[in-house]
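These are the residues of each chain, in order.
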Amino acid sequence: MRKLPPLRALQVFEAAARHLHFSRAAEELCLTQSAVSHQVRALEQHLGQSLFSRRGRELTLTPKGEQLFLAVQSALDGLDSLCRQLNDAESRELRLAVYSSFAVKWLIPRLGDFRRQHPGIKIHLEMVSGDPPLSDQVADMFICGEQHQRGFWQILLRPERLIPVCSPALVNALGEALVMPLRLDSLPLLSVDEADVGPDWARWARSQAQTLTQAQLQSYSHVLLAIEAAIAGQGIALASDFIVEGDIAAGKLLALPWPALETGFGFHFCCRERRLKEPAMAAFAEWIQQQAATTG
């Protein structure tokens, strides 16, 4: 008879070890943080070994914990792969977690090309507003910022480069007011206020050694709203250059000859490393890289 630890505890431990964070593991597994802690303690008691060590807020694996993590992850990955084969579901439908602006403005207009090339593969889009947790519970593939999580492969698709855009009608109406150097306080600026970094126009102004107040900005919660307001002639928005390339090509927007804002953020494609061996996953990874390389 096999002497195995509680299998649920092993699953919880694998998630906690992969994230090196109990809260993120709890979110992935739809548990509370205390439930994760309880399962990890139960596993440690069963094995008579400490699996994690803490230094302040930093969580690391002990040597025994690292050894167990690699073994458990390999076993779970093997079971997952086998179940996909038994269900004949290996990548027939791939779930992609993707930012809404990336999906609406860039990906969806191109997906028809992928479907023509690979008619047997279905792509199900899961739109997210921020970086999703890298978890099978969320999706099979991800468009996200740079992440470094064990067992995942990622590649940069495009860096974020924000350019000022507005409608042709507004360019005609504002005329000389759009010529550098600018008086920003006299211009209708459509701003997206991101929780972690603040209003985009305030960041642009700082990069040009200018100042802005929140009162000078027309604020939006999402860049898609700011882009649509710009198309409607209501002001000047900042948007990723490749996100608005379709609107510029269609004559809905004009890119103003002002400096761009290099944010340091990058849009990455990410998936489990082992799943790149699956034909459908490999096909989509190759296709989206080709699409990104031909943008702009």
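Just so it is clear, the structure is predicted and the values come from calculations on it, not from any experiment.

## A look at the overall build of the protein chain
- Regarding its fold elements, the protein chain presents 10 helices and 12 strands.
- With respect to the three principal axes, the spread of C-alpha positions in the protein chain is 85 × 50 × 25 Å.
- Residues classed as buried in the protein chain amount to 45% of the 296 residues present.
- For the protein chain, the proportion of contacts with a sequence separation of at least 24, taken over those separated by at least 6, is 72%.
- Accessible surface, the protein chain as shown: approximately 15,400 Å² in total, 52% of it carbon and sulfur.
- Each charge class in the protein chain can be summarised by its mean position, and for the 29 positive and 32 negative side chains these summaries are 6 Å apart.

## A short note on helix 5 (residues 100-117)
- Across its 18 residues, helix 5 extends 24 Å between first and last C-alpha, which sits within 8% of the 26 Å expected from 1.5 Å per residue.
- Most pronounced at Leu 107, the bend in helix 5 amounts to some 55°, and the proline Pro 109 follows within four residues.
- Along helix 5, the residues that are buried comprise Ser 100, Ser 101, Phe 102, Ala 103, Lys 105, Trp 106, Leu 107, Arg 110, Leu 111 and Phe 114.

## Some details on the pairing of strand 4 (residues 122-128)
- Alignment of strand 3 (residues 93-99) against strand 4, held across seven bridges, turns out to be parallel. By the bridge assignment for strand 4, Leu 94 is matched with Ile 123.

## Considerations on the environment of Val 244
- If you trace the backbone, Val 244 turns up in the loop between strand 10 (236-240) and helix 9 (245-249).
- Residue classification places Val 244 among the buried positions, given a relative accessible area of 0%.
- In this structure, the C-alpha to C-alpha distance between Val 244 and Ile 163, residues 81 residues apart in sequence, is 9.2 Å.

## Some remarks on helix 2 (residues 22-29)
- Along helix 2, the residues classified as buried are Phe 22, Ala 25, Ala 26, Glu 28 and Leu 29. Projected down its long axis, helix 2 carries its buried residues within an arc of 160°, all on one side.

## Here's the deal with the nonpolar core
- Membership of the largest hydrophobic core comes to 50 residues, with the highest contact counts inside it found for Phe 102, Met 141, Ile 143, Phe 269 and Phe 284.
- Take this core: its biggest share by element is eight residues, from helix 10 (residues 279-293).
- By size, the runner-up hydrophobic cluster in this structure holds 21 residues, among which are Ala 17, Val 40, Phe 52 and Leu 59.

## What to know about a nonpolar patch on the surface
- The grouping of Val 104, Ile 108 and Met 127 at the surface amounts to a nonpolar patch, some 270 Å² of accessible area in total.
- Along the polypeptide, Val 104 turns up in helix 5.
- Val 104 sits in the partly exposed class, given a relative accessible area of 37%.

## Focus on the packing of aromatic side chains
- In total, this model carries 19 aromatic pairs according to the counting rule given.
- Arranged with centres 6.2 Å apart and planes meeting at 85°, the rings of Trp 106 and Phe 242 form a pair that is edge-to-face. Note that Trp 106 is positioned in helix 5 and Phe 242 in the loop between strand 10 and helix 9, a separation of 136 residues in sequence.
- Summarising the aromatic geometry, the rings of Phe 142 and Phe 152 are spaced 6.4 Å apart at their centres and angled 70° between planes, so their arrangement reads as edge-to-face. Here Phe 142 is found in strand 5 (residues 141-144), whereas its partner Phe 152 is found in strand 6 (residues 152-166), with 10 residues between them in sequence.
- With a relative accessible area of 0%, Phe 142 lands in the buried category.
- An aromatic cluster of three or more residues is present, and its members are Tyr 99, Phe 102, Trp 106, Phe 242, Phe 265 and Phe 267.
- The cationic tip of Arg 54 hangs over the ring face of Phe 22; the distance from NZ or CZ to the ring centre is 5.3 Å.

## Some points on the packing of helix 2 against helix 3 (residues 33-47)
- As a packed pair, helix 2 and helix 3 sit with axes 8 Å apart at the nearest point and diverge in direction by 105°. Regarding the angle of helix 2 to helix 3, the classification is roughly perpendicular. Across from Phe 22, Ser 23, Ala 25 and Ala 26 in helix 2, the residues of helix 3 making contact are Gln 33, Val 36, Ser 37 and Val 40.
- Split into classes, the residues belonging to the contact of helix 2 with helix 3 amount to five nonpolar, three polar and no charged.

## Observations regarding unusual backbone geometry
- Residues Met 180 and Pro 181 are joined by a peptide bond in cis, for which omega reads -5°.
- On the secondary structure map, Pro 181 appears in the loop between helix 6 (168-174) and strand 7 (189-194).
- One non-glycine residue, Leu 20, lies in positive phi territory at about 50°.
- Here Leu 20 shows up in the loop between helix 1 (7-19) and helix 2.
- Using a relative accessible area of 30% as the deciding quantity, one classes Leu 20 as partly exposed.
- For Ala 209, which is not glycine, the phi dihedral falls at a positive 60°.
- In this structure, Ala 209 sits in the loop between helix 7 (200-207) and strand 9 (217-220).

Parameters and conventions
- Residues numbered from 1 in each chain as written.
- Predicted model: local features only at pLDDT ≥ 70, side-chain atom pairs only at ≥ 80, totals over all residues.
- Heavy atoms only, no water.
- Helix = DSSP H or I, 4+ residues; strand = E, 2+ residues; numbered from the N terminus.
- Buried < 20%, exposed > 50% of the residue type's maximum accessible area, 1.4 Å probe, protein only.
- Contact = heavy atoms within 4.5 Å.
- Areas by Shrake-Rupley, 256 points an atom, 1.4 Å probe, with all protein chains shown as cover.
- Lys, Arg positive; Asp, Glu negative; His and termini not counted.
- Charge placed at Lys NZ, Arg CZ, Asp CG, Glu CD.
- Expected span 1.5 Å × (residues − 1).
- Bend = angle between axes of the 7 residues up to and from the residue.
- Pairing = 2+ DSSP bridges.
- Arc of directions from axis to C-beta.
- Core = buried A, V, L, I, M, F, W, Y, C linked by side-chain atoms within 4.5 Å.
- Patch = residues over 30% accessible without salt bridge, like charges linked within 9 Å, V, L, I, M, F, W, Y side chains within 5 Å.
- Salt bridge = Lys/Arg side-chain N within 4 Å of Asp/Glu carboxyl O.
- Phe/Tyr/Trp six-rings, centres within 6.5 Å; stacked < 30°, edge-to-face > 60°.
- Lys NZ or Arg CZ within 6 Å of the ring centre and 35° of its normal.
- Axes fitted to C-alpha atoms, helices over the stretch in contact; angles between N-to-C directions.
- Parallel < 35°, antiparallel > 145°, perpendicular 65-115°, else oblique.
- Nonpolar A, V, L, I, M, F, W, Y, C, P; charged D, E, K, R; others polar.

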